[in-house]
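Geometric and topological summary
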Amino acid sequence: MKKKSLTTNLIEGLNKEISSRDRYRASLHLLDWIGCAFIGSTTHAGKIFIDFSKNYAKGRCNILNGDSCSPEIASFVNGSLGNIFEMDDIHRTSILHPGPVIIPSALAAAQETSTDSQTFLNSIICGYETMIRFGQSIGKEHYKFFHNTSTCGSFGSSVAAGKIIGLNNEQLINALGNCGSVLGGLWQMRNEDVMTKQFHNAHAARTGFTSALLAKQGLTGPKFILEGPQGVYAAVGKDSEPQKITSNEYSKWKIFDTSFKPWAACRHAHPVIDATLKLAKKINSKDVGDVKIKTYLDAVKFCDRISPKNVIDAKFSLQHVLAVSLIDGPPDISSFDKKIYTRPDIASLRQKISIEVSDKVEKLYPEHYGAEVEVFLTNGENEKVYQKDALGDPQNPISEEEVISKFTSLMKAAGFNTIKIDNIINCVLGLSKGEDLSNLERVLR
């Protein structure tokens, strides 16, 4: 008997039942992505990608501003938009963001084939499952150099598109093999003031979409791309855990294990925000002498930025999120603008903050994104809060109403009126009940 590849086992595992409840959860993630993508489209980076689409012939698909284009370009441009404001959904243990990559690919395939809402939502669920399982298996060492959303994203986007265009198991395995052959996404862009992160997401969405189309035409790919002698794990997953590709430790679809982000900052900064908001109820920022943050190593490596020089720096600064949360309260999308991170009171408080790795918090990561914040007051007293799980994680969830409220606030900031926003909400959440998918294109325009 021939040995089955890991990608074969993964694809075969996607054939379990998908319920209306599962599809409703997918519709919430779709709604969340739409809000993140529309606010992303208002930025300089977003407009660069949208303008890029105008260089290509019109087609059956649409980017979010309503312009028509080919499905490949639609998957690429829409794939760039959802992460720009750092409010996209996240899966903790795989350390990646599924929605911004998978949904654009599924949407392009759905528009190209005029599929139904059930197939569309099912494809999103399977895309999340694939991307997350791969991310969980790749190992923690990979994250030191590689952006997991980029390296793992095309796997999810190829399955999402492939399910819609009717790929059989063998074709899906070929698509995954070719995605793995061209994966990448180095973190160097986090050390420079550039827009590469959006390109990572766009590339992963389009690569997966294209690999699915080519598999439909008969293009083959390596079945043992993960565990082969010159495959992914051997090259860039030295501490990989291949068994997590097929593990049944989590009975639900992994989309239920995916978190919604309430704050417009790097997820590694969220437990500090949550802890600080609790402290803000007990102390006055004017009475603060010094502050100590204890958290896990990745949060320190990515987010120790005492003097942000731009909006992205501010979103990736533990010092800034603490200062703005303690002084101004819950951060909104404007809390990372230049007028805020250069404000004298915010800048002064940042200088009082020290950061270190906590062995306790590090041992729990990435199952738990935690932080401890201790404030030493000028009167000699101190206050301390330990936040085990970031708000929005399965162990500390936000409600459906809060997801909808987040969407509403993002869409208002993007310039939409209440009637338009309500129409989109009703349409998106109605997809799980069989609403015609073509209505989604109509309301988004």
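Heads up: these notes are all about the structure in this document. Here the structure is a predicted model, which means the values were calculated and not measured.

Conventions and cut-offs
Residues numbered from 1 in each chain as written. Predicted model: local features only at pLDDT ≥ 70, side-chain atom pairs only at ≥ 80, totals over all residues. Heavy atoms only, no water. Pairing = 2+ DSSP bridges. Helix = DSSP H or I, 4+ residues; strand = E, 2+ residues; numbered from the N terminus. Axes fitted to C-alpha atoms, helices over the stretch in contact; angles between N-to-C directions. Contact = heavy atoms within 4.5 Å. Salt bridge = Lys/Arg side-chain N within 4 Å of Asp/Glu carboxyl O. Buried < 20%, exposed > 50% of the residue type's maximum accessible area, 1.4 Å probe, protein only. 1 Å grid on protein atoms, 1.4 Å probe; cavity = no way out; pocket = protein on both sides within 12 Å on 5 of 7 lines; lining within 4 Å. Points joined across faces, edges and corners; volume = space filled by probe spheres on them. Nonpolar A, V, L, I, M, F, W, Y, C, P; charged D, E, K, R; others polar. Phe/Tyr/Trp six-rings, centres within 6.5 Å; stacked < 30°, edge-to-face > 60°.

1. Re the sheet that holds strand E3 (residues 288–295)
Spatial strand order, E4-E3-E5-E6: four strands in an open sheet with mixed pairing. Where the open sheet ends on each side, the last strands, each with one partner, are strand E4 (353–357) and strand E6 (382–387). Put simply, the sheet's adjacent strands are angled 15 degrees from each other on average, direction ignored. Each of E3, strand E5 (371–377) and E6 is contacted by helix H11 (residues 270–279), which is oriented at about 140 degrees to E6, the strand it contacts most. Of the strands in this sheet, E3, E4 and E5 touch helix H14 (residues 318–328), which is tilted by about 130 degrees from E3.

2. Quick word on the pattern of salt bridges
By the definition in use, this model includes 16 salt bridges. Note that Asp51 and Lys54 form a salt bridge whose closest N and O atoms lie 3.4 Å from each other. Overall, Asp51 belongs to the partly exposed group, its relative accessible area being 42%. Residue Arg343 is joined to Asp345 by a salt bridge in which the shortest nitrogen-to-oxygen separation is 2.8 Å. Classification of Arg343 as partly exposed rests on a relative accessible area of 22%. With relative accessibility at 34%, the residue Asp345 sits in the partly exposed group.

3. Details of the environment of Ile425
Tracing the backbone shows Ile425 in helix H19 (residues 418–430). For the pair Ile425 and Ala314, spaced 111 residues apart in sequence, the C-alpha to C-alpha distance is 31 Å. The contacts of Ile425, once residues within four sequence positions are left out, are Leu31, Ile404, Phe407 and Thr408.

4. Structural notes on unusual backbone geometry
For the bond from Tyr365 to Pro366, the omega torsion is 5 degrees, close enough to zero to count as cis. Structurally, Pro366 is set in the loop between helix H17 (359–364) and E5. A positive phi angle, near 55 degrees, is found at Ile95, a position not held by glycine. When you line up the elements, Ile95 lands in the loop between helix H4 (71–81) and helix H5 (99–113).

5. So, empty space enclosed by the protein
Scanning all chains against the criterion turns up five cavities of 30 Å³ or more. By volume, the largest cavity amounts to about 130 Å³. Taken together, 14 residues form the lining of the largest cavity, with His97, Tyr143, Trp187, Lys197 and His268 sitting closest to its centre. Classifying every residue of the lining of the largest cavity gives six nonpolar, four polar and four charged. By volume, the second largest cavity is sized at about 90 Å³. If you go around the second largest cavity, the residues you meet are Asn62, Ile63, Leu64, Gly66, Leu107, Gln111, Leu440, Glu441, Leu444 and Arg445. Put simply, the parts of the chain that give the lining of the second largest cavity at least two residues each are H5 and helix H20 (438–444).

6. Focus: the packing of aromatic side chains
Enumeration over the complete set of coordinates arrives at 11 aromatic pairs. Judged by centre distance (4.8 Å) and plane angle (65 degrees), the ring pair of Phe38 and Phe416 falls under edge-to-face. Separated by 378 residues along the polypeptide, Phe38 in helix H2 (residues 20–40) and Phe416 in the loop between helix H18 (400–413) and H19 bring together distant segments of the chain. According to the relative accessible area criterion, Phe416 is buried, its value standing at 19%.

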